[in-house]
Amino acid sequence: MAACLWKKLLQTAKERIIQQRRASLYDCAHGYREELIKKKLQQFAGGSISLSKEENGIGILTLNNPKLMNAFTGTMMLELQERVTELESWKDGKGLIVCGAGNTFCSGSDLNAVKAMSNSEDGMNICMFMQNTLTRLMRLPLISVALVQGKALGGGAELTTACDFRLMTPGSEIRFIHKQMGLVPGWGGATRLVQIVGSGAALQLLSGAVKVDPERALHLGLSEKTLVSSDETGSLEEARAWLSLCTEGPASVIQAVKKVVTAGKELPLEAALRTEKDVFGTVWGGPANLQALVQRPKHK
Ligand SMILES: CC[C@H](C(=O)O)C(=O)SCCNC(=O)CCNC(=O)[C@H](O)C(C)(C)COP(=O)(O)OP(=O)(O)OC[C@H]1O[C@@H](n2cnc3c(N)ncnc32)[C@H](O)[C@@H]1OP(=O)(O)O
């Protein structure tokens, strides 16, 4: 009887955590019609978003549009959502590296698409679509790293803030250039930047459309490390090595760690504590915990 009750409690806790994670920010109550925006984005084709899920639990998500400095076309925005959905159900996943092809990160939205969708309705729908998608990316139960090579501009800079960490190669830059386009970030980048560097520094970076080089990024806490290599292969290997320091151990435990930190970051105190309790309940007495106890030397 007790075991049956325990299993039910565990299942309820897991379902509640998954529901919290997958709930979209915007829906029809906000005038958001996802199927309509998807149809519109489909019209702006080009490039791709690939995902390689490796045996060691590290995923590599690559923006492939090097001819346009990995600018986001409409279909790439749709593919990003598909990859995030895939990652949400990756049971063995522990970490994620987001990078760009051709030794550069991402130069934001494809300006050809931006010009064709410059009306308010399309703009708001893209804004809500990308906020939904990047919020889900941010909340993945994986430890994520943006590997910034070359340039991360506009929406590309915003994408870096949806990752837990940023690693930059020599000579690379993160730049919120929105002001120069008469804009502010719309994919959630301003909100996340304030959380990362504080409101003062965020205001300076946005109001000045400041080129943030690796040194300044380190100083601001926007980047964790300046890598040694600038080339695609070398920098990816360095990023893998850096991430492996955070992802050693069973996927269930690494995912639980990310979930409790997300709760602490996003929820009011008591809700965060209750989520922590729920997540704790999924690992206490679990296989990794029991195995660790067996391996622990008896206290003398
Ligand atoms: C909320 C987010 C916001 C929005 O969605 O409204 C945006 O992100 S808007 C886009 C903001 N991004 C930009 O304004 C960057 C524009 N690009 C550049 O400033 C430069 O291309 C740069 C600095 C990224 C690279 O300069 P470089 O001299 O090294 O190369 P080229 O400029 O010759 O670029 C090569 C090739 O790529 C095309 N390109 C680059 N960025 C974009 C883009 N965002 N959209 C479309 N096409 C882009 C560029 O036109 C060149 O193409 P080519 O056919 O060879 O002329």
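What this report covers is the structure whose coordinates are included nearby.

Basis of the calculations
- Residues numbered from 1 in each chain as written.
- Predicted model: local features only at pLDDT ≥ 70, side-chain atom pairs only at ≥ 80, totals over all residues.
- Heavy atoms only, no water.
- Helix = DSSP H or I, 4+ residues; strand = E, 2+ residues; numbered from the N terminus.
- Rg over C-alpha atoms; globule rule 2.2 N^0.38 Å.
- Buried < 20%, exposed > 50% of the residue type's maximum accessible area, 1.4 Å probe, protein only.
- Areas by Shrake-Rupley, 256 points an atom, 1.4 Å probe, with all protein chains shown as cover.
- Patch = residues over 30% accessible without salt bridge, like charges linked within 9 Å, V, L, I, M, F, W, Y side chains within 5 Å.
- Salt bridge = Lys/Arg side-chain N within 4 Å of Asp/Glu carboxyl O.
- Near = heavy atom within 4 Å.
- Polar contact = N/O pair within 3.5 Å; in protein donor to acceptor, adjacent residues only side chain to side chain.
- Nonpolar A, V, L, I, M, F, W, Y, C, P; charged D, E, K, R; others polar.
- Core = buried A, V, L, I, M, F, W, Y, C linked by side-chain atoms within 4.5 Å.
- Contact = heavy atoms within 4.5 Å.
- Axes fitted to C-alpha atoms, helices over the stretch in contact; angles between N-to-C directions.
- Parallel < 35°, antiparallel > 145°, perpendicular 65-115°, else oblique.
- Pairing = 2+ DSSP bridges.

Time to look at the overall build of the chain. What the chain contains, in helices and strands, is 13 helices and nine strands. The C-alpha atoms of the chain give a radius of gyration of 20 Å, which matches the 19 Å a tight globule of 300 residues would have. Projected onto its principal axes, the C-alpha coordinates of the chain cover approximately 65 × 45 × 35 Å. In the chain, which comprises 300 residues, the share counted as buried stands at 47%. Of the roughly 15,300 Å² of accessible surface on the chain, 58% is carried by carbon and sulfur atoms.

This part covers a nonpolar patch on the surface. Taken together, the side chains of Leu111, Val114, Met181 and Leu183 make up a nonpolar region of the molecular surface, amounting to roughly 330 Å² of accessible area. Take Leu183: it is sitting in the loop between β7 (173-175) and α7 (189-197).

So, about the site of the ligand. Near the ligand there are 20 residues, and of these Lys67, Ser107, Ser109, Leu111 and Gly155 occur at the shortest range. The separation between a nitrogen atom of the ligand and a polar main-chain atom of Leu111 is 2.9 Å. Gly155 places a polar main-chain atom, nitrogen or oxygen, 2.9 Å from an oxygen atom of the ligand. Burial of the ligand by the surrounding chains reaches 59%, relative to a free accessible area of 1,000 Å². Contributing elements (two or more residues each) for the shell around the ligand: α4 (111-116), β5 (151-153) and α6 (155-161). Within the shell around the ligand, the residues separate by chemical class into nine nonpolar, seven polar and four charged.

The subject of this paragraph is the pattern of salt bridges. Taken as a whole and judged by the stated rule, the model has 13 salt bridges. One salt-bridge network, in which partners are shared between bridges, spans Lys53, Glu79, Glu82, Arg83 and Glu86.

With that settled, the discussion passes to the nonpolar core. Leu61, Leu63, Phe72, Leu96, Met130 and Ile174 are the most contacted members of the largest nonpolar core, which totals 51 residues. Apart from the residues lying within four places of it in its own chain, the contact partners of Leu61 are Ile49, Ser50, Leu51, Leu80, Arg83, Leu87, Leu96, Ile97, Val98 and Cys99. Within the second largest apolar cluster, 14 residues are counted, among which are Ile143, Leu236, Leu243 and Ile254.

It is worth spelling out the packing of helix α11 (residues 251-266) against helix α12 (residues 269-283) at this point. Running from N to C, α11 and α12 point in directions that differ by 175°, and their axes come no closer than 9 Å. When the axes of α11 and α12 are compared, the pair comes out roughly antiparallel. Across the interface between the two elements, Ser252, Ala256, Lys259, Val260, Ala263 and Gly264 from α11 touch Ala272, Thr275, Glu276, Val279 and Val283 from α12. Class assignment of the residues belonging to the contact of α11 with α12 gives a composition of six nonpolar, three polar and two charged.

Okay, the side chain of Gln81 next. Relative to the helices and strands, Gln81 resides in helix α3 (residues 74-88). Relative accessible area serves as the criterion here: at 8%, Gln81 is assigned to the buried category. In this structure, Gln81 is in contact with Glu34, Lys38, Phe129, Thr133 and Arg136, ignoring residues within four places of it in sequence.

Right, let's get into the environment of Leu134. In this structure, Leu134 sits in helix α5 (residues 120-138). Linking Leu134 and Thr75, residues 59 residues apart in sequence, is a C-alpha distance of 15 Å. Not counting chain neighbours up to four residues away, the residues in contact with Leu134 comprise Leu80, Leu159, Ala162, Trp187 and Arg192.

Read from one edge to the other, the open sheet built from three strands follows the order β5-β7-β8, with strand pairing classed as mixed. Because the sheet does not close on itself, it has two edges, and the strands there are β5 and β8 (211-212). Where β7 lies against β8, two bridges are found, and the strand directions are antiparallel. Following the sheet pairing, Arg175 is matched in β8 by Lys211.

With that settled, consider the sheet that holds strand β3 (residues 95-100). Pairing within the open sheet is mixed, and its six strands lie in the order β1-β2-β3-β4-β6-β9. One side of each edge strand has no neighbouring strand; the edge strands of this open sheet are β1 (48-53) and β9 (225-226). Looking at chain direction, strand β6 (residues 165-168) and β9 are connected through two bridges and run parallel. From the neighbouring strand, Met168 faces β9, where its bridge partner is Thr226. The sheet strands contacting α3 are β1, β2 (58-64) and β3, and the helix crosses β1 at an angle near 20°. Packed on one face of the sheet, helix α10 (residues 232-244) meets β2, β3, β4 (143-148), β6 and β9 and runs near 160° to β3.

Bridge analysis of β4 against β6 gives four bridges, and the strand direction is parallel. Across the sheet, Leu147 pairs through a bridge with Leu167, a residue of β6.

The next point concerns the packing of helix α2 (residues 34-42) against α3. Their axes nearest at 7 Å, the elements α2 and α3 cross at an angle of 130°. In terms of axis orientation, α2 runs oblique to α3. On the side of α2, the interface is formed by Glu34, Lys38, Leu41 and Gln42, while α3 contributes Gly74, Thr75, Met77, Leu78 and Gln81. Looking at the contact of α2 with α3 residue by residue, the class counts come to three nonpolar, four polar and two charged.

Honestly, it's all geometry; don't read function into it.
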